[in-house]
Every structure is written in structure tokens, then in C-alpha cells.
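If you want the building blocks of each chain, they are given just below.
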Amino acid sequence: MKLIERQIERLKKTTVLNNILEFRNKKRFSTYLVTTFAILATLSVVVIVIALYGFFDKRVESEFRKKILAEKGQVEIILHNRISSISSLLKDLGSDNIIRVTVMLDGKSQLEERVSEFYPSREGVHFFVKKQGENYVIPRSYPNVSENLIRFSLQHYPYGEVVTENEETRLLWWLSTPIMHQTQLMGTAYALYDMTRDKKLIEQIQQTVNGDVSMLKAELLYSLSSENALKLDEKMLNGIATNLEHLPLGKNNILSKIDGFDNLFYKSSLEALVNEKRKVTLWIGLSSIVILALSIILSVRLGKRMVEPLRRMTRMAIQISEGHKNLSFETGSNNYWEFEQLSQAFNYMLANLKDAEEQSRYKELLENVDDAVYILDQEGHVLEANEAAYSQLGYTQDQFFELNLSDIIPHQQARSIIKQLGKGKTENDPDKITLQTTHATIDRNLIAVEVQCRAITYRGRRVILNVARDITARIEAEKEKKHLESQLIHSQKMEAVGTLAGGIAHDFNNLLMGIQGYISLMRLQTVEGDPNDEYLQGIENAVMNAANLTNQLLGFARKGKYTLRQTSLNRIVENSTKMFTRTKKEIVTHLNLQDKIWDVKVDQGQIEQVLINLFLNAWHAMPDGGDLFIQTENVYLSEDYCKPYEVRPGNYVKASITDTGIGISNDIIERIFEPFFTTKEVGKGTGLGLASAYGIIKNHSGIIRVYSELGNGTTFNIYLPASDEKAEKTIKESSQLLKGQEKILLVEDEEGTIQVEELMLKELGYSVLPAMSGQEAIQLYEENKPDLVALDMIMPEMNGKDTYERLKRINPEVKVLLVSGYSLNKQIEELMEKGCNGFIQKPFDIVQLSQKIREVLEN
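Please read all numbers here as calculations on a predicted model, not as lab measurements. (Residues numbered from 1 in each chain as written. Predicted model: local features only at pLDDT ≥ 70, side-chain atom pairs only at ≥ 80, totals over all residues. Heavy atoms only, no water.)

Participant: Mind laying out the sheet that holds strand β15 (residues 461–470), listing which residues take part and the relevant values?
Facilitator: Within a sheet, neighbouring strands are paired by backbone hydrogen bonds and run either parallel or antiparallel to one another. Across the sheet, 5 strands lie side by side as β12-β11-β15-β14-β13; this open sheet has antiparallel pairing. Each having just a single partner strand, β12 (382–385) and β13 (432–440) make up the two edges of the open sheet. Averaged over all neighbouring strand pairs, the angle between strand axes comes to 30°, with direction disregarded. Pairing of β13 with strand β14 (residues 446–458) involves 9 bridges; the strand directions are antiparallel. When the sheet's bridge partners are listed, I433 is paired in β14 with C453. Here helix α14 (residues 411–421) sits on the sheet and contacts β13, β14 and β15; the angle it forms with β13, its principal contact strand, is near 150°. (Pairing = 2+ DSSP bridges. Helix = DSSP H or I, 4+ residues; strand = E, 2+ residues; numbered from the N terminus. Axes fitted to C-alpha atoms, helices over the stretch in contact; angles between N-to-C directions. Contact = heavy atoms within 4.5 Å.)

Participant: Before we move on, can you summarise the environment of I179 with the specific residues and values?
Facilitator: Along the chain, the position of I179 falls in strand β3 (residues 168–181). Residue class for I179 comes out buried when judged on its relative accessible area of 0%. Expressed as a C-alpha distance, the spacing of I179 and V129, which sit 50 residues apart in the sequence, is 8.8 Å. Once residues within four sequence positions are removed from consideration, I179 is found in contact with G94, I99, R100, V103, V129, Q184, L185, M186, G187, T188 and A189. (Buried < 20%, exposed > 50% of the residue type's maximum accessible area, 1.4 Å probe, protein only.)

Participant: Just give me the short version of the pairing of β3, but keep the residues and values in it.
Facilitator: On any regular strand, side chains alternate: one points to one face of the sheet, the next to the other face. As paired elements, strand β2 (residues 159–165) and β3 share 6 bridges and run antiparallel to each other. The residue of β3 that forms the bridge with E165 is E168. Count of turn residues in the β2/β3 antiparallel hairpin: 2 residues, of which N166 carries a positive phi of about 50°. Alignment of β3 against strand β4 (residues 184–194), held across 10 bridges, turns out to be antiparallel.

Participant: Tell me about the sheet that holds strand β1 (residues 125–131), and name the residues and values.
Facilitator: Read from one edge to the other, the open sheet built from 4 strands follows the order β1-β4-β3-β2, with strand pairing classed as antiparallel. Pairing within the sheet leaves two strands with one partner each, and these edge strands are β1 and β2. Sheet twist, expressed as the mean angle between neighbouring strand axes with direction ignored, is 30°. Pairing between β1 and β4: 7 bridges, direction antiparallel. Pairing of V129 across the sheet is with A189, part of β4. Its contacts with the sheet place helix α4 (residues 97–105) against β1, β3 and β4, and it is angled at close to 80° to β3.

Participant: Talk me through the pattern of salt bridges; I want residue IDs and the actual numbers.
Facilitator: Counted according to the given criterion, the structure contains 13 salt bridges. Where E450 meets R474, a salt bridge forms, and the shortest distance between an N and an O atom there is 3.4 Å. Taken together, the residues E450 in strand β14 and R474 in helix α15 (residues 472–525) connect sequence positions 24 residues apart. With relative accessibility at 22%, the residue E450 sits in the partly exposed group. The salt bridge involving E758 is made with K762; its shortest N-O contact spans 3.1 Å. On the criterion of helical spacing, the pair formed by E758 and K762 is a turn pair, its members being 4 residues apart in helix α22 (residues 751–763). (Salt bridge = Lys/Arg side-chain N within 4 Å of Asp/Glu carboxyl O.)

Participant: An account of the packing of aromatic side chains is needed here, citing residue identities and associated values.
Facilitator: For the structure on display, the rule yields 13 aromatic pairs. Here Y395 and F400 contribute two aromatic rings whose centre-to-centre distance is 6.2 Å and whose plane-to-plane angle is 55°, an arrangement assigned as tilted. You'll find Y395 and F400 in the same group, each marked buried. Ring geometry for Y641 against Y719: centres 6.1 Å apart, planes inclined by 65°, an arrangement best described as edge-to-face. A residue pair is termed long-range when its members are at least 10 positions apart, and Y641 in helix α19 (residues 639–642) and Y719 in strand β22 (residues 714–721) qualify at 78 residues. For Y641, a relative accessible area of 26% gives the class partly exposed. (Phe/Tyr/Trp six-rings, centres within 6.5 Å; stacked < 30°, edge-to-face > 60°.)

Quick look at the structure:
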């Protein structure tokens, strides 16, 4: 390295490098070259633009003149057609037999009526008839047509002549046709056409062309459409006199003679021509700017391309002088011969510098890598290694250099690497291998590593480079991640199964409601000593057993009834243990309850049910007897621990139940909380004990976990959130049958259930309004205003919640008793908080119903 640094310092002191560095401050050939190209391109663009502008300007004017001639031709056609149509109509008048006969009979009044009725005056056309030998016409006059004007026309026969009368300017045509009787001339029919009064013709011209028709008299030009007069100067009059094709009329108009009409001219606007020239100018200007910009860009690129090889070599020379060695000058047929010679000379110099520093660079690189890096020859012997490679394995540097790859990693993997990258390598083998393996330490302990192996060239020969990274921590993290994912999947599966179980329990409770209701009604009809009383009691017991089963299902579904009270978990454990040990004396229980245990807010009956189910599960696992260890303690659960179970971190009370039974296998332990899953014989278990325990603990925002090994017993751990609220007092329930006379609206969508509930209410003395839907209930309530609404929660279309909200809007003081096959759950609790007055769970007997109704009505 020191040798290289000295060579660089000597190079920096040479005049060659100083000249290179001073190059930036001198005049550049590339600048002059680019400027010359840009000037030539600009001049070319200017010449082309001038030529294009002249060409397109003439072309636009030519197209505009063609357009004017076309429009003027359309006007000429319209005017000739109009004169022809008047002539045709005049001929029809001359050949009219009635007109002919009337002229022969000299019926003047009849003749005037005939002309006025069948040949009325319109659009500036007026018809007349003159008998042969007479000097007047019939009719003698028309409105707006004076007798003087008629006499003038008879005398002068105007044809497109401009006539001024009473300060009105008219453009007149006087047309005539003979009225013949066989070969005898009977008279003459005339048509006086005033084009200035033909509004239809003027409108047709305006719709057809973008111009106006004007008439000339003396030095005045009259517009047919606007009726304005324009005085012409002497130059314009001379142009008209010399029959010029297009005469400029001011700055914005042009005048053209209409062929066939001496005094008519077509006036068109020059605005379209001006706009078109502006567009041409704009497009040519924009195009010239774009072409000029492209020309300048191409000039710059061409100049740069011509001097780029020299600049590139200059930059590379400066980079090399600053210490960059991994560079080489381009050589090949694309370079100019002079640049090619210079590039070869520089490459030769760089090759010598690279050879000098290669060995020190490799050594420095290896020592600055945290991973284990070592280089092997093609037979697997260690050639080079960094300190991390041998220090992690407990070797000294000399000891490590004596090893073969098979001494570091398993023998089979070492042979595979040498075969693919070493002396056994073929063309089809890869140049890089990545594998997970182990490194053996000096005392033969194994460290999990990920090794990347590749074939490289080192000091002129082919070697194998291995880079190994310790992945012990990563493997542990992946194991923990898989464990957490497994817990999350299990939790989601239990949630789905719970939803199904809750629905089954709700529907089953509706069926039990019908049975329980009819049993309650039958009991009211029996007397003491009735022989059927025993059977009724048996049915009622069966209903209660079935209800207990559905309650366990609801417990698993996290929809069970909970009456939460502040209590001590130690007291619940002691009571449950006493009940269990009275009947299972072959099990020895060991209590280890922490003093000053934190209180919990739970449903004591539900938690006792959980503990009894776990005790019974332990008893089944110890058929020959055994020990049952029960322990409580205060614990704190962190956020990482709670996250898979979707509960909050904080203070918890832990209860552990450990047995010395046969244990649970891994394939069974994943399913023990599923409903109806049991390993017991048919008839000895429902498979709902642990399922309901799971649901109850989850609904208390707690955690339940199980640990077991075959032959080593099982441990269930329960975590319940600690609470610092004060304990509440319990209230005893009565069994008295209470009646009333109020009006009750009963809302229930199940036909069998609503029938039995209606009978029960009527038996209690109430007036009942049954409704099979929420909408029907709203209508009945508005019509009858009942004292109480017994409202089912689960209904199609409008459910109990929506129905209650509608009732509340009708009467904010409405009294509502909620009825559901589900137990008290979150949805019902929300309605209770909004003002519902009570809740009763199906199935219930008539006594429970009577007490709940009186409680709501009298509260």
C-alpha cells in the first residue's frame, strides 16, 4: 500500500497532471464547434421558414378566393332560381282560363278578385293584368306599391334596376307574359318583383353563404340584409367600372360582381382569411422554434460526441490520479486511432497498479467483515481467513489454516461444494451456492450458519470463497413466529366454531321454550295427586337438562349469561374444590393459594363451572386416583404475551390446575376446546365441558392455556383480569306466581314460540297483542298503545334492536322486556343501557315470566 501511495504522489507532482487539472480553466474546442453548428442550423431554419411562409400565404389566399367564387356562384344560382320561379308563376297566370275569360268579358272587379285571391302579393312579388288596348293595369296598386311606381315600370321595364322612391331604395324587375285566346292577343300579365322586400330570399342567402348581397346606385352601395348604404370612393367606382374580379372594400371586406345582374355585388368578410393567415403564421413560428431547438440540441450532441472520447479519457485520468484504480480505457475499432493508442498506454499503467495493491486489498477486506470469511483451494484447504472465521470456532489462525472444509462443515456438504465449485466443477455446475448448515467448533459443538459459496479468481488462480453468517437467533425467531401464528389460527378457528355453536343453541332454546311453556300451562291445570304430575316433572327435568346443554354451548360461543360481580378467585377455587372432593375422594387435592390475591370481576357460577369441568377432566385422566395441584397467584402479562389472545396487557390473576394423569397427545391437544369433541366412550361425555370453559374464559377477557405430555400429566392455566371495584350484594329470587291485567304486545317470529307465550300471558290475566315481525309490532303499538312490549331479539328483516329504536322514537317512555334464546350478551347489554327495562332468556316457565313482567311493569 505504501508503494502505491508513493507512486500516486509522484504522479501528482508531474506537469502532465497539472496540465490536465488546468484544462478546465482554458478555452474549449468543443464550445467553438457547438457554436458553429448552432449558427448554421439557425440560418438554415430562418431560410426554410421564409420560404414556407411565402408558399403557405399564397396558398391560403388562393383557397380563400376559390371559396369566395364558390359562394358567389351559390348566390347567383339562388337569384336566377328566384327570377325563374317568378317567371314560371307569371306564365301560369297568363294561361289561367278564368283570367283569360274575365279579360274577354271585361270584368274588371272579377279580374281584380281573381288576381288578388289566387296570385296574392308576397315576398316582394306583385301580379297585374292589362287588357289589350287599355293603358292601366289591374289591380291599380298594392300596399307599399304606388301607382307612380307601376307607371314607371310600365314605361321603362326595369330588369334589376335600382329605383329610389320617397327615400326608399328598391331593386326592381318588371316581367311580362301575353294572355292569348287561340291566336288573338287578349292582354298582358305583369309581375313586379322588388328584391329588397323578399325577406325569404335574403334569409336563404344568409343561411347558404357567409356574406351579403348589395346593390349599387350611383356612388352608394345598399345592403339587402341591413338596408344600410355605404358611399364608395372614386377608386372603388373605377374598379367597378373596369370590371375587376375582387375589389377590396375597406380593411375587412371584399366585393365581387354577381354575373347576370348589373347592379348586384357579393360582399364577403376578410376575417376568415386573416384568421387562417394567423394560424399559418403561428404554426410556422412554433414549428420553426421546435426545429431550431432540435437543431441546437443535435448540434450540441454532435459536438459532444466528437470530443467525448477526449473528455472521457481526461475524466478517467483525473479519477485515477485521485485513487480510483478499477477503471480501464476503452479500446476497439470504434475509437479513433490516436485515442486507441493513448487508451492502450493508460491500460498498461493501470494493470501494473492493480497488481501491486491486489494482495493488500483482499486482506483489508476480509478483516473488516463481521461474518466469517475464508478462502479455499479447489481441494477444500484453507488459504485465507478473517479473524471472525477462526475466533468464533475457538481456533488460532495457524490451527484454522491447517483445516479442510470437511473439518468445518458436515462431510457430505463439503464434498458437494468442492464437486460443484472446486476441482470437480463442470460447465453445467453453478458459480454460486447458498445453504444452511453448521460450523463445528474446536470442541465439536455445532453453530447454525448460512453459507454463501462462490468460485472466484484470487492471485491468478481459481478458488472458493465462503461467507458464513450465524443464524441461531433467526432460527429461534422463526420458531417463535410459527408458534404465535399457530395460536392465532387456533383462536380464529375457535371463534368460527363458536359462532356456529351459538346459533344452534339459540334455535334449540326456541324449541325448548315451546315445551317448557306448555308444561307450565299443563301444571296450572293439574291438581295435587294428579297421576300425570310425575310425567310432567320428568319432561320438565329433561327440558332443564337440555337447557343446561345449550347454556354450555352458549358459554363456548361467548354468548352465555353473565352476572359479573367483584369477588376473590381464592374463594371460588375453595368452594369448587370442596364440591369436587366430596364425590371424588380417590383424588388428593393440593391447594396453594396466594395471600392477598387480587379481586376479579366475574360470574361466579360460570367460573365454578369452568373449574369443575377442569377437575372432572383431571379425574378422567387419573382412573386409578392421583394428585391434583391447584395454585393461584398474581401475575403481570406483557403486550407481546397478550397479542395472540387479543386481550389487554396488565395485571391478571392466574389459576393453575395440574394433574398427574396420563397426559394428552399432540394430535388431540389441538382439538380439546372444540364443541362435541371427546375421547370418552359413547354416552359418557358430551364434549362440551372444555368447550364451554374456553368460551367462558374468553368472554371474561381472559386466557386459558393447556400444557401436556403423554405419561407426565396435564396443566391448565387460567388468566383472569384483575379488578379493583367494590363487591356487590346478591339478591334472592322468589317463586311466587304473579298476575296482572295490563295490555302486552308480544313480538316473536317463531310461530310455535309465539303461540305458547301468548297462552302463558293470557293465563296470567294479561291482554295480548301478538305480532310476527318488527313492522307489524310498530303498527300494533301505534294503534293500541300497550303497557309493555315483550320483544324477541332475533328476527328477520327488522331485528329486535331496530324495532326497539323505532318504538323509542314513537314513545320515549315505552317499557320493553327483551326475550332471546341467547343469554345476556353484548348486544342485549347495549339495549339495556339505552333504556330497555328487563331481559328473560328462553326457555322459561310461567313463574319466571310472571315475576319478570311484574318487575318491569312496577319498576
